[in-house]
Amino acid sequence: MTKPAEYHLPLEWQEGEYTVYRNHHWSGPGCHNACAILVYVKDGKVAKVEGDPESPYNQGRLCMRCLNMVEAYYHSDRIKWPLKRVGARGENKWERISWDEAYNIIEEKVTAIKKEYGPEAIVCMEGTGRNVNWQVPMMAYSVFGTPNFGLGFLSGDACYLPRCAAMYAQMGDATIADMSQQFEKRYDDPNWKCPEVVLIWGNNPLVSNGDGFLGHWIVDVMKMGAKLIVIDPEATWLASRAEYFLQIRPGTDGALALGMLNVIINEELYDKEFVEKWTYGFDELKERVQEWPVEKVAEITWIPADLIKNAARFFAKASPAALQWGLPIDMHPTGITTAVAISTISSICGNFDVPGGNIVARQGRNIAIGYMTGAEFISEELWAKHLVPKDTPMHNQGVMGTAQGDAILEALETNTPYTVKMLWFQSTNPIACMGAEAPRIYNAIQKPDFNVVVDLFMTPTAVACADLVLPCAMGNERNSVRPWWFPVRAINKITEYEECKSDEELLVELGNRLNPELFKEMGWKKDTDLLTWICNVINPEWNWPEKWDATFEELQKQHISFDNWSYRKHETGLLRTDGEPGFNTPTGKLECSCLALDSFDVDPLPYWEEPPESPVSTPVLAKEYPFVLTTGRRSWEFFHSEHRQLPTMREFHPDPLVTINTETAAKMGIQEGDWVWVENMRGRMRQRAKLKPTMHPNVISAEHAWWFPEQKGENLFGVFDSNANNLTKMGQYGPTGYGAPYKCTICKIYKGTEENSKVMPTEEVIKKGGFGYVK
Ligand SMILES: Nc1nc2c(c(=O)[nH]1)N[C@H]1C(S)=C(S)[C@@H](COP(=O)(O)OP(=O)(O)OC[C@H]3O[C@@H](n4cnc5c(=O)[nH]c(N)nc54)[C@H](O)[C@@H]3O)O[C@H]1N2
Ligand SMILES: Nc1nc2c(c(=O)[nH]1)N[C@H]1C(S)=C(S)[C@@H](COP(=O)(O)OP(=O)(O)OC[C@H]3O[C@@H](n4cnc5c(=O)[nH]c(N)nc54)[C@H](O)[C@@H]3O)O[C@H]1N2
Ligand SMILES: [Mo]
């Protein structure tokens, strides 16, 4: 067991009137990364933030949201102390109370609900992985004792989980594109190689920096000669600089992957040695891809056949080549199997765990924390009650850990299998963002007797349904640890704001009240006690990366910690529990035909189906709604529903934008900046037209997560007016329970006029009960 060496750079110094601290920022306000920052503090307040030039991770770079952090920290709308609702739900009337009073209310309600209805009547939800990921599961499992933790009504858990589930099913591990992030010397490390080609599939990494991957690394490797293939319906900045840009019909990625496999396998462009030695089920795969000739795939995807062929050849012939993929792959009922197909392309072309390919990503220092943290505190009997869909064998066999949004919604609406009595939202704003079918969720979340929201700002969700709102601390106001993925980074508390508490402090304080036996036994008196425990939660089945006995305080001093790294771990026995070469799968091989999927009655070989609503699957509906609608393309200024109250962000991006092909818009009399209604079978919403000649003429791309903090709280800040999730639907997950079509439904568009804008959607939903007039 190695002890971390002291970090070689100072962590704190004086610069004129400022004390400067080295820190990491991992929200809130949020993102998926933990970039290194220099925090300039004066009179106990953060005065400015710069990127840390010494950091191997972001090398001094920061995005506009981090650079503008001070505006968020001291914005007058921040929640400063616990608030108790005094008016009716939805009226936005609150009274300041003390933390003690807030804790007393929670203690009283939780105790009564548990006694009368059982702990499962309490459901805890969180949003995407900002700083918060293990904290809310831990709150559910160890503090409230409920097995019900889930993502805030995210249908089909359609964010990264389908891709991860696919990789675990196929190879017993997950991989990430190798941009040398695991090395302290980064691009100068002699073991690393620059990829010849990077395949960017349904991802806009410069803007989104998703899942622990810093998008700018792509620009770095481009400067070193890497060429790009980009698969996107819209010409992004990277697509415009790519060798191959495949302008795809949203929701057809699975078909494209099968078509590319057809070319690569039939033309024998794969790595024969790797396939022979390390894969299982290749012959069955070969047979399956014969059903997907490129001409058929071209028709489905709207991409010319030659382009598909040439791009497949270009990727297969490059060595090494890296795959950097994104959210649209998850956002389809066949998300898992699409991910299996895409990941197979990368692996059979010889890029598995090689320099400049896709490397095995385990949490840094084997710190195995996430959505299952604390699950050991829930009995098996109680676990069996967690809310999952009844129609998916994968969930029913208890494999999938967390409760699922679609099943939580059903329980709220129908009281089956039991009634939900309390909702705890900590870092999620579901009616603005996470849940599909936002108006339906709005109705459902008002049903429980008692709801709590823990957030940085007063959100539409909080106004709609909360009885208590608790103020959360921001990044520099908290202690935390970031092991997702390597290197491990510490987040240190530098400043304080009013009465805000970090999610970790809240967890420890509530835990000592509601489950004192456990919290005393574990010695969790303050946040750092819990964080030391967290630093030592490891996966006992993994012998790599190395476990490390250390306190959180030691990590704080070390600041950033790199693991010992080696490539080709399937060859050296580092991937398997028994230390034998191979993969952590039933066959010990990388499975082109996934036995794990087979065991859940899911086709073990990649396949693809039309989205539930598309010009092909619903041709009659498509006559009325002729465009394919993709939603939620990320923007520089905002992280989901965050940052809407910040003047600088709204100066750059004042209104929601719907991207339309320039000629398509012209035919409909729509000009740049016009308000445009986007409507389908379920509802409508409006955004301003952004015309783009390079957008696919039959595709509409609308933004998600809009609300207007400048508007009245009692009108829920206009949350439904421009809400993409008036048009998406819950319950359309795939046979695995994973994947949902947030990015592939259908719509029509028309120009907004005074006449057709008299009743806005928020009024329609909260006063008139929904979009009754929409067919
Ligand atoms: N139509 C459409 N809908 C989508 C998507 C899409 O592409 N299209 N994307 C989906 C995806 S992938 C995801 S992951 C979800 C995201 O959905 P969510 O994660 O629910 O996103 P937000 O609405 O930003 O809600 C997060 C809330 O947490 C608060 N917060 C931030 N940091 C912290 C913190 O550290 N502690 C606490 N307690 N609170 C904090 C913020 O102020 C904010 O109010 O949205 C989904 N919704
Ligand atoms: N600034 C910012 N960063 C974020 C977030 C944020 O809200 N703001 N959210 C975070 C979260 S939770 C996530 S999950 C990630 C997601 O980040 P990404 O994985 O980058 O996902 P998106 O930005 O939704 O879409 C990426 C690209 O896919 C294209 N696209 C749309 N539909 C399809 C399709 O059907 N097929 C293909 N091949 N392409 C399609 C879009 O045009 C877009 O250019 O971003 C994270 N980072
Ligand atoms: Mo996400």
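Source: prediction; values computed, not measured.

S.K.: Give a description of the site of ligand 1 that names residues and reports values.
M.R.: Surveying the vicinity of ligand 1 reveals 34 residues, the closest of which are Arg130, Asp455, Ser641, Glu642 and Asn725. Here an oxygen atom of ligand 1 sits 3.2 Å away from a polar atom, N or O, in the main chain of Asn429. Protein coverage of the free-state accessible area of ligand 1, which is 920 Å², stands at 99%. Residues belonging to the shell around ligand 1 are distributed by class as follows: 13 nonpolar, 14 polar and 7 charged. The residues that make up the shell around ligand 1 include at least three from each of domain 1 (83-157 + 366-561) and domain 3 (619-766).

S.K.: Please give an account of the environment of Lys525 that cites residues and values.
M.R.: Mapped onto the elements, Lys525 comes out in the loop between helix 20 (516-522) and helix 21 (527-535). On the accessibility criterion, Lys525 (72% relative accessible area) is exposed. Separated by 366 residues in sequence, Lys525 and Cys159 have C-alpha atoms that sit 34 Å apart. Beyond its immediate stretch of four places on either side in the chain, Lys525 contacts Val508 and Asn512.

S.K.: Pulling in residues and values, what's your account of the packing of helix 11 (residues 294-301) against helix 12 (residues 305-317)?
M.R.: Across the interface, helix 11 lies against helix 12 with an axial gap of 8 Å and an inter-helix angle of 115 degrees. Taken together, the axis directions place helix 11 and helix 12 in an arrangement best described as roughly perpendicular. Read as a crossing pair, helix 11 and helix 12 show a hand that is right-handed. For the pair helix 11 and helix 12, contact is made by Val294, Glu295, Val297, Ala298 and Thr301 and by Ala305, Ile308 and Lys309, respectively. Of the residues assigned to the contact of helix 11 with helix 12, the class counts are 5 nonpolar, 1 polar and 2 charged.

S.K.: Could you give me a rundown of the pairing of strand 17 (residues 450-455), with the residues and numbers involved?
M.R.: Side chains on a regular strand alternate between the two faces of the sheet. Of all the 6 residues making up strand 17, 6 are buried; the element is thus mostly covered by neighbouring parts of the structure. Covered by surrounding structure in strand 17 are Phe450, Val452 and Val454 together with Asn451, Val453 and Asp455, the residues of both alternating faces. Bridge count for strand 16 (residues 422-426) against strand 17 is 5 bridges, and the pairing is parallel. In the sheet register, Leu423 faces strand 17, and the bridge partner there is Asn451. The parallel pair strand 17 and strand 18 (residues 468-471) is bridged by helix 18 (residues 460-465), and the resulting crossover is right-handed.

Calculation rules
Residues numbered from 1 in each chain as written. Chains lettered and ligands numbered in written order. Predicted model: local features only at pLDDT ≥ 70, side-chain atom pairs only at ≥ 80, totals over all residues. Heavy atoms only, no water. Near = heavy atom within 4 Å. Polar contact = N/O pair within 3.5 Å; in protein donor to acceptor, adjacent residues only side chain to side chain. Areas by Shrake-Rupley, 256 points an atom, 1.4 Å probe, with all protein chains shown as cover. Nonpolar A, V, L, I, M, F, W, Y, C, P; charged D, E, K, R; others polar. Domains from an automatic or database assignment. Helix = DSSP H or I, 4+ residues; strand = E, 2+ residues; numbered from the N terminus. Buried < 20%, exposed > 50% of the residue type's maximum accessible area, 1.4 Å probe, protein only. Contact = heavy atoms within 4.5 Å. Axes fitted to C-alpha atoms, helices over the stretch in contact; angles between N-to-C directions. Parallel < 35°, antiparallel > 145°, perpendicular 65-115°, else oblique. Left-handed = near helix turned anticlockwise from the far one by under 90°. Pairing = 2+ DSSP bridges. Right-handed = clockwise from strand over helix to strand, strands pointing away.

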